[in-house]
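Structural overview
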Amino acid sequence: MTVIKLAANGISGIALAVLAACSSTQQSTNNTTLQPISTQTGTQTMPVMNHSVGVFSAPQRPIQAANQIIYDYQRLDSTLAAVKNGDDNAAMQFLATQSDSAMGESVRNEWLKSLGRRGQSGLFAQEYARVHPDGRHQETRCYAHLFGVENNAQFVNDLLEETGKLPAGCNTLLQARASSLNPSRAWRRVRGLLSSGQSTDAANLAAALGSPLNSGSGYGTQENMLRSVISQDAQKSPDAAAARLQAMAGKLNSEQVGYAWGVLGLAHAKNQNFSTALSYYHLADRKQLNTEQFEWYARSALRSQNWQALDNIIASMPAKLQNDPTWLYWRARSLAALGNNGQARSLYQKAAQSGRNFYAVLSTEELGQRINTRNNVGDATQANVQQLSRDGAINRALTLFTNAQQSGNSRMRRQAQNEWRYAVRGMNETTLLTAAQLAYNHQFYDMAIYSADRTDHALNFNLRYLMPYRDLVVSYSQQHGVDPAWVYGLIRQESRFVIGAQSSAGAQGLMQVMPATAREIARKIGMNSSDLYTMNGNIRMGTWYMADARRNLQNNEILATAGYNAGPGRARRWQGGNMEGAIYAETIPFNETRDYVKKVMTNTVYYSSLLGGQPSLKQRMGVVPARY
């Protein structure tokens, strides 16, 4: 699409022109100018009690001319391609005008990877120091360790614990450090790579460890034998693979056998064969299990509500995994079921303090409390909002956003998001909420939510849980008999209120309706399928589809939410007997859908609270009925 170029003006003049254009074009659906969101959800604002939120402090990064920003954006892709091919001059020329930006950071990271591949350690060290620690890519850090610029043992150990694919530079680092790695964990990574189809990386690491896979003897040969049991093809028939494992068990060591049972247990668990999965997992060596395998071990026990086994499994997880809110909550539930209410309460309290996630909310309710959507801070002042808008990094994001909106350039809009994230990095909570208000004022809704979501102590729920297009959402929700809070919860997760959002699969708009689904809906309710691409039509189609999904899935919101994301057939397939909604959600085999359902339903209870409805997540999750 054509990108609008802005004429060269003075730096401050063009910035003011761009901001003025934003302000004049960003209006609500009833054509009234957007005002600061009121933080008053009750009779008064609850005071924030934590002093770590900080006072407002706007960065003072220099503003660039808008035409320079647009020009640099237009040459970003070609620069990245050149830099990946080893063109140092392309990197230096780009960074001459975009050193302190998300665009510059992406170019510098790619340059550093290129320098790393070519062994240019001196220039690497010089440029590495110019990247903010939070902006350094994993592979960039791997090269830093190779060159001795960094020496973080925990970082290397975390790489070793990863049993799946890593960037090339990180594989090179592990191979270079092979003699100093923990041999047991290194061979665990080899078999993990074999089980995830990364045969070349597995062979390279095995060779670096001194026992090639094709050597004819030693560890490498034993690991190679496991291919017939743990390869991706073997995992498609886990019972046949299990028979082969039992036949060759005498030729393998306990770690190799123990890892293989974990792979086969996972295969059964993700196929919803939970009883068989548990029996295989019980034969596994728990020290060999990776995070995914451990979590599905726990889910297999959870699905059968075997509380004793669930408690035992979670207790044996690595500490970091045990302290994830998911497993804090389910271990508390298992302990409560076993009569240990005191320890359960302690774990509920810990999970409840982890934020506003699904399990934090459920844990809060187990403690006899409810979510609170009263804000504890006031509105950002207009003076502070205006001052923040004059920061160069913020201005860059808004310049790209405005041009993207005017030109319909979705890729430019994504870069505007990147620039916004870069701009707010490191801001204290007071300044983050000011940024959220500024983004809201420009209808940059996704970044308003992003900014407001990053606060832990200063809380503005009206910015976290925006409700734009309210007349349309409420009207069509009522027309189709669905709760507006559920609709808002879904839109927030689907599109973050980006009207022109388009997924990689082709889903469109606020409610991410597929064109084929839109044609079917249009035929059924007398619409034009092209209405999908309008705000009004997208919301009408989406709310109808939510109601239809619920109607066809036993009038259950949880099944309908899963079906909206993964299709109704899969949502039905994942049912069993009557079960708690939270158990159904946690045992969905698709990572995206499992995360989606939990986030949509958590969003829903927050929106329900703001709209004066039912704020109980446990009640909302209810019971998923047996499949019929």
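None of the values given here were measured: they were computed from a predicted structure. (Residues numbered from 1 in each chain as written. Predicted model: local features only at pLDDT ≥ 70, side-chain atom pairs only at ≥ 80, totals over all residues. Heavy atoms only, no water.)

Points about the overall build of the protein chain
- Summing up its helical and strand segments, the protein chain has 37 helices and 2 strands in all.
- Expressed along its principal axes, the backbone C-alpha trace of the protein chain runs to roughly 75 × 65 × 55 Å.
- Taking the intrachain contacts of the protein chain between residues at least 6 apart in sequence as the baseline, contacts between residues at least 24 apart amount to 63%.
- Accessible surface, the protein chain: about 26,300 Å² in total, of which carbon and sulfur atoms supply 46%.
- Looking at charge distribution, the protein chain has the averaged site of its 61 positive side-chain charges lying 3 Å from that of its 44 negative ones. (Helix = DSSP H or I, 4+ residues; strand = E, 2+ residues; numbered from the N terminus. Contact = heavy atoms within 4.5 Å. Areas by Shrake-Rupley, 256 points an atom, 1.4 Å probe, with all protein chains shown as cover. Lys, Arg positive; Asp, Glu negative; His and termini not counted. Charge placed at Lys NZ, Arg CZ, Asp CG, Glu CD.)

Some points on helix α6 (residues 121-128)
- Looking only at α6, the buried set comprises F124, E127 and Y128. Angular distribution of buried residues about the axis of α6 spans 100°; they occupy a single face of the element.
- Residues of α6 that are buried sit in contact with α5 (102-117) and α7 (138-146). (Buried < 20%, exposed > 50% of the residue type's maximum accessible area, 1.4 Å probe, protein only. Arc of directions from axis to C-beta.)

So, the packing of aromatic side chains
- Summed over the entire model, instances satisfying the criterion amount to 22 aromatic pairs.
- Between Y329 and Y348, the aromatic rings sit 5.9 Å apart at their centres with planes inclined by 50°, giving tilted as the arrangement. Placement of Y329 in helix α20 (residues 325-337) and of Y348 in helix α21 (residues 341-352) is noted, with a sequence separation of 19 residues between them. For the pair shown, Y329 and Y348 are each scored as buried.
- Centre to centre, the rings of Y488 and F497 are 6.1 Å apart; their planes meet at 50°, and the pair counts as tilted. Taken individually, Y488 and F497 each receive the classification buried, so the pair is uniform in this respect. (Phe/Tyr/Trp six-rings, centres within 6.5 Å; stacked < 30°, edge-to-face > 60°.)

Observations concerning the state of the cysteines
- Within this structure, the stated rule accounts for 1 disulfide.
- Across the disulfide, C142 is cross-linked to C170 (sulfur-sulfur distance 2.1 Å). When the S-S torsion is 95°, as for the bridge of C142 with C170, the disulfide is right-handed. On the criterion of sequence distance, the pair formed by C142 in helix α7 and C170 in helix α9 (residues 168-176) is long-range, its members being 28 residues apart. (Disulfide = S-S within 2.5 Å.)

Some remarks on the layout of surface pockets
- By volume, the second largest pocket amounts to about 1,000 Å³.
- Considering the residues around the second largest pocket, the lining is formed by 37 residues, among which E161, T163, N290, T291 and E292 are closest to the centre.
- If you list the elements that add at least two residues to the lining of the second largest pocket, you get α8 (153-161), α10 (183-195), α15 (254-270), α17 (291-303) and α19 (319-322).
- Counting residues per element, the lining of the second largest pocket draws most heavily on α8, at 6 residues.
- Among the residues forming the lining of the second largest pocket, the class breakdown is 11 nonpolar, 15 polar and 11 charged. (1 Å grid on protein atoms, 1.4 Å probe; cavity = no way out; pocket = protein on both sides within 12 Å on 5 of 7 lines; lining within 4 Å. Points joined across faces, edges and corners; volume = space filled by probe spheres on them. Nonpolar A, V, L, I, M, F, W, Y, C, P; charged D, E, K, R; others polar.)

Some details on the packing of helix α31 (residues 515-525) against helix α32 (residues 535-552)
- Taken N-terminus to C-terminus, the directions of α31 and α32 make an angle of 85°; their axes are 10 Å apart at the nearest point. Classified by the angle between their axes, α31 and α32 sit roughly perpendicular to one another. Seen from α31, the contacting residues are T517, A518, I521, A522, K524 and I525; seen from α32, they are R540, M541, W544 and Y545. (Axes fitted to C-alpha atoms, helices over the stretch in contact; angles between N-to-C directions. Parallel < 35°, antiparallel > 145°, perpendicular 65-115°, else oblique.)

Digging into the confidence of the model for the protein chain
- With 92% of its residues at a pLDDT of at least 70, the protein chain reaches an overall mean of 92.
- In this model residues 1-44 is a low-confidence stretch, pLDDT under 50, and it forms 87 contacts with partners more than four residues away in sequence or in other chains. (pLDDT = per-residue confidence, 0-100.)

Notes on the side chain of R191
- In this structure, R191 sits in helix α10.
- Given the relative accessible area of 0%, R191 is considered buried.
- Residues contacting R191, with those up to four places away along its chain left out, are E223, L226, I230, E255, Q256, Y259 and Q288.

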